[in-house]
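# Survey of secondary and tertiary structure
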Amino acid sequence: MPPIKRTKFKLSHDQLLEMFYWLKLIRGFDERLSTLVKQAKVRSGVYTGIGQEAIIVGTCFGLRKEDYICPLHRDLGAFLMKGVTARAMMAQMFGKQTGLSKGRDSALHSGVSELGIFGNTSMLGANLPVAAGLGLTFKMEKTNHVVVAYFGEGASNVGDFHEALNIAGVQHLPILFICENNQYAYSVPVEKSMAIDDVADRAASYGFDGVAINGNDVLAVYQATQGALARARGGDGPTLIECKTYRWHGHSEHDKAFYRTNEELEMWKSRDPIPTFTTYLKGVHVLTDDHEKDIENRVKTTIDDAVDFATNSPDPNPEDAVTDLYA
Ligand SMILES: Cc1ncc(C[n+]2csc(CCOP(=O)(O)OP(=O)(O)O)c2C)c(N)n1
């Protein structure tokens, strides 16, 4: 197999600022949800990805509309970056008629086919064979679209993961397997569920490349993604990118995460992807204090507006519970 092309990426100042905006929006959205859960405003389960935003921004930035993503429970930011409005996303979390599933589902299973978002299944890893099916479709239709499929390191221990990687390797499918290795699968630390250090090593068994990278460095994630995208679009098959990161909150907002130490959490907080990128952008004179304030205001306005919209949206009608269903 050809090695991953480490394409030199060139991002304009505007693109770098846009990446910064997304990091801030996704962080802000999750933080607001965390508060809203405590106020009993949210009907959906909430699994924040606070601390992991660089993975979503680095992988979704610049994807084409026709490309598909298969996001997980922690990846609300991917929905936003693929084109779901903050209003619709918030309404989804509130279980309102104006949400993606019109109030008939939690956030976890919604998809939007017009935007290239495939809804998740609850069973861990089960989204990956689906991603393989999408990739096979793209290949058979001779498009150069790609599938970006997300999973946790915990999910990489289930059979579906291995079956999906196997068929993707055999068929050279245009798929990016993005592992969000946040060190825990619920309460289980990675060293208690895997006898190797890197999920990335698993790709070799299926005949394609895997790389382990710093998942808190948005530019490192973007660079690895661009290389893998070029390879997938060029017909050279899948890549596994393992992004090492950490989730700051518990598995979900009801989990106090007593199974880990404060020292560990503080150490990872010192690697927060947002200040790291802020310092970089200021160092290269792309971001000024004024830009930063502007972006923070835009983020706050967008989220406030989304919360107002969701709050004022109608509840679903019980009689609509089975509309749009087919068998
Ligand atoms: C097959 C299966 N086993 C167990 C569960 C329960 N469960 C839901 S999320 C989760 C932890 C997932 O960990 P990981 O895959 O690392 O993703 P993360 O939540 O850390 O992002 C577990 C055990 C499930 N949904 N499906």
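Residues numbered from 1 in each chain as written. Predicted model: local features only at pLDDT ≥ 70, side-chain atom pairs only at ≥ 80, totals over all residues. Heavy atoms only, no water.

Moving on, we come to the pairing of strand β7 (residues 239-244). The buried fraction of β7 is high, at five of six residues. Judged from the six bridges that link them, strand β3 (residues 175-181) and β7 form a sheet pairing that is parallel. Its bridge partner being in β7, isoleucine 178 is matched across the sheet by isoleucine 241. Pairing of strand β6 (residues 210-214) with β7, which is carried by five bridges, proceeds in the parallel orientation. Across the sheet, alanine 212 pairs through a bridge with glutamate 242, a residue of β7. Handedness of the crossover is the feature at issue here: the chain leaves β6, passes through helix α7 (residues 218-233), returns alongside β7, and the resulting connection is right-handed. (Buried < 20%, exposed > 50% of the residue type's maximum accessible area, 1.4 Å probe, protein only. Helix = DSSP H or I, 4+ residues; strand = E, 2+ residues; numbered from the N terminus. Pairing = 2+ DSSP bridges. Right-handed = clockwise from strand over helix to strand, strands pointing away.)

So, on to the packing of helix α2 (residues 53-60) against α7. Contact geometry of α2 with α7 gives a least axis separation of 8 Å together with a crossing angle of 35°. When you trace α2 past α7, the crossing you get is right-handed. Touching Ala54, Ile55, Val57, Gly58 and Thr59 of α2 are Val218, Val221, Tyr222 and Thr225, all from α7. In the contact of α2 with α7, the residues fall into six nonpolar, three polar and no charged. (Axes fitted to C-alpha atoms, helices over the stretch in contact; angles between N-to-C directions. Left-handed = near helix turned anticlockwise from the far one by under 90°. Contact = heavy atoms within 4.5 Å. Nonpolar A, V, L, I, M, F, W, Y, C, P; charged D, E, K, R; others polar.)

Our next topic: the sheet that holds β6. Whenever strands of a sheet pair, they do so through backbone hydrogen bonds, lying parallel or antiparallel. With respect to topology, five strands assemble into an open sheet ordered β1-β2-β3-β7-β6, the strand pairing being parallel. The open sheet has two edge strands with one neighbour each: β1 (68-70) and β6. Neighbouring strand axes in the sheet, compared pairwise and without regard to direction, differ in orientation by 20° on average. The sheet contacts of α2 involve β2 (147-152), β3 and β7, and relative to β3 the element is tilted by about 170°.

By the secondary structure assignment, asparagine 127 is in helix α5 (residues 127-140). When the C-alpha positions of asparagine 127 and aspartate 160 are compared, they lie 8.3 Å apart, and in sequence the two are 33 residues distant. When near neighbours in sequence (up to four residues on either side) are disregarded, asparagine 127 contacts Cys70, Leu72, Asn120, Thr121 and Tyr150. In terms of polar contacts, asparagine 127 uses its side chain to reach the backbone carbonyl oxygen of cysteine 70, at 3.5 Å. (Polar contact = N/O pair within 3.5 Å; in protein donor to acceptor, adjacent residues only side chain to side chain.)

What follows is about the packing of α5 against helix α6 (residues 159-170). It is at 7 Å that the axes of α5 and α6 come closest, and there the two elements cross at 15°. Classified by the angle between their axes, α5 and α6 sit roughly parallel to one another. Of the two possible hands of crossing, α5 and α6 adopt the one that is left-handed. Listed contacts from α6 to Leu128, Pro129 and Ala132 of α5 are Asp160, Phe161, Ala164 and Ile167. The residue makeup of the contact of α5 with α6, split by class, is six nonpolar, no polar and one charged. (Parallel < 35°, antiparallel > 145°, perpendicular 65-115°, else oblique.)

Around the ligand there are 14 residues in total, and His73, Arg74, Ser122, Gly154 and Tyr184 lie nearest to it. Against a free-state accessible area of 590 Å², the protein chains account for coverage of 72% of the ligand. Judged by its atoms lying within 2 Å of the grid points, the ligand is housed in the largest pocket. Considering only residue class, the shell around the ligand consists of six nonpolar, six polar and two charged. (Near = heavy atom within 4 Å. Areas by Shrake-Rupley, 256 points an atom, 1.4 Å probe, with all protein chains shown as cover. 1 Å grid on protein atoms, 1.4 Å probe; cavity = no way out; pocket = protein on both sides within 12 Å on 5 of 7 lines; lining within 4 Å. Sits in = over half its atoms within 2 Å of the grid points.)

It is worth spelling out unusual backbone geometry at this point. The residue alanine 40 is not glycine, and still its phi comes out positive at about 55°. With respect to the helices and strands, the residue alanine 40 is situated in the loop between α1 (13-38) and α2. Looking at alanine 40, the relative accessible area reads 66%, which means it is exposed. Positioned with a positive phi, aspartate 324 is a non-glycine residue whose angle comes to about 70°. Within the secondary structure layout, aspartate 324 lies in the segment after α10 (289-312). With a relative accessible area of 51%, aspartate 324 lands in the exposed category.

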